[in-house]
Amino acid sequence: MDNNHQRHRPPWLFSYLLPLLFLQLVPSATPKLTPHHNEDAYESKMNEALKYYSDNIESLTASSHERGSARIEPDGETHLEFASVAVDNELRRLHLLQSRLMPLRHVIESEEEEEEEEEEEEGVGQIDYGDVEHEAYIKSILDPDEWYRYSYWELHAYFSCAAEFIKSKPIPTNERWRDLRDYYHEFVEQDLQDWPLKEGMGPRSYVWTDASYDPPMEPFQSGFKGRGLKAARDIKEGELVFKATNNTIIFTHGHTWRKFLFFLYEREGDEEDQLDSETTCDVLVWSWVQRLVPGGPLVIVMDLDNGSLMNEGREDEGWEHPNVKCGKDDWCDFEYYAIKDINKGEEILCDYREFAMLHAWSKMGL
């Protein structure tokens with residue numbers, strides 16, 4: 001057992017009990033997932049369990065000795081092998097469960113009214129190093145042989161994306177975008193060799209259109225938000241600002257998208273110094289889930305061009321307001337129009353919620 005794992009382990013009795021109690025409570029707590037859900041019941045069950053193990057510790061230790069799963073340490077302390085194994089197993093299940101519940105928790109929290117303006121007090125754009133530490137631990141307990149089961153947030157942890165986004169990210173060059181598109185086409189060819197399409201099957205991934213478009217915007221560094229897009233000239237209200245092109249990629253299968261991420265991550269080799277977290281994490285967060293037509297199936301979309309650098313704006317309090325809108329009517333049809341006059345140099349912002357289903361990754365098998 002490595003030292004990193006041990007640093008995150010509380011005393012063995014509590015380590016063993018708390019995950020078990022959490023897992024027992026999850027079925028009833030999951031529908032609400034509020035921070036103060038059923039605290040009295042939780043405390044009652046915890047006290048019951050603590051009392052049981054306290055009252056029966058001698059018999060548990062004796063049976064452990066009989067099975068040969070206990071040993072006496074040099075300092076005289078009894079080491080219970082069954083408890084150590086239970087700790088490892090239950091902590092692993094707990095953290096995997098927490099990562100899978102994270103999207104649902106975000107949905108519920110976003111629906112609750114915010115009575116305090118905590119974000120403004122803490123400062124927008126602050127780095128949460130706790131996320132980096134948490135992701136590092138999640139990565140340490142993920143089984144690499146089960147990569148094909150990883151959820152969105154497990155992928156985020158496995159590629160160390162929280163740590164990656166602490167760094168200052170350069171603006172991709174045109175050559176870099178071309179390389180990414182070449183990697184994509186190389187991947188599609190390899191994927192079809194690995195898993196040929198059966199008769200009647202639609203493509204697992206494809207390019208949206210053959211058309212191209214030169215948008216009136218250019219990339220720049222946008223302060224704490226990182227990379228962004230600004231108007232390259234004055235733009236009039238109602239003018240087309242951006243649209244999907246031959247650089248827009250569609251994935252109809254969640255697993256194919258997951259496989260593409262690993263293709264990017266390991267394309268130079270699988271040694272530590274050959275892995276590419278920077279590119280992989282960029283592509284991961286540049287992707288979103290949406291329907292291409294009303295009532296149609298969900299797909300994953302990404303733009304392998306500067307369009308991916310567009311930051312979000314909202315009409316909500318505390319946000320910069322958007323100045324472009326997806327679609328002229330109520331449906332987002334991959335075309336973005338100015339909803340006001342935009343001056344040259346002004347940042348281009350859109351509301352992601354107009355096109356992206358921010359919490360639908362699980363519906364894509366992720």
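Going by the structure above, here's the rest.
Not measured: the values here are computed from a predicted model.

Caption draft 1: Summary view of the packing of aromatic side chains. Under the criterion given, the structure shown has 24 aromatic pairs. Taking 4.5 Å as the distance between ring centres and 25 degrees as the angle between the ring planes, the aromatic pair formed by Y152 and W361 counts as stacked. Pair noted here: Y152 is in helix α8 (residues 152-158) and W361 is in the segment after β13 (349-350), with a separation of 209 residues, a long-range link. When the ring of Y184 is compared with that of F251, the centres are 6.1 Å apart and the planes differ by 80 degrees; the resulting orientation is edge-to-face. Placement of Y184 in helix α10 (residues 174-194) and of F251 in strand β7 (residues 248-251) is noted, with a sequence separation of 67 residues between them. Here the two residues Y184 and F251 agree in accessibility, since each one is buried. Each member of the aromatic cluster is reached from another via a ring pair, and the members are W147, Y148, Y150, Y158, F159, F262 and Y265. Across the ring face of Y158, the terminal group of K139 is positioned such that the distance to the ring centre comes to 5.6 Å. Of note, R267 hangs over the ring of Y183, and the distance from its end group to the ring centre comes to 4.1 Å.

Caption draft 2: Highlighting the nonpolar core. Membership of the largest hydrophobic core comes to 62 residues, with the highest contact counts inside it found for L155, F159, F251, W257, F260 and I348. In terms of residue count, helix α11 (residues 254-266) provides more of this core than any other element does, 7 residues in total.

Conventions used here
Residues numbered from 1 in each chain as written. Predicted model: local features only at pLDDT ≥ 70, side-chain atom pairs only at ≥ 80, totals over all residues. Heavy atoms only, no water. Phe/Tyr/Trp six-rings, centres within 6.5 Å; stacked < 30°, edge-to-face > 60°. Helix = DSSP H or I, 4+ residues; strand = E, 2+ residues; numbered from the N terminus. Buried < 20%, exposed > 50% of the residue type's maximum accessible area, 1.4 Å probe, protein only. Lys NZ or Arg CZ within 6 Å of the ring centre and 35° of its normal. Core = buried A, V, L, I, M, F, W, Y, C linked by side-chain atoms within 4.5 Å.

So, to be careful, I would describe these as geometric facts and stop short of saying anything about function.
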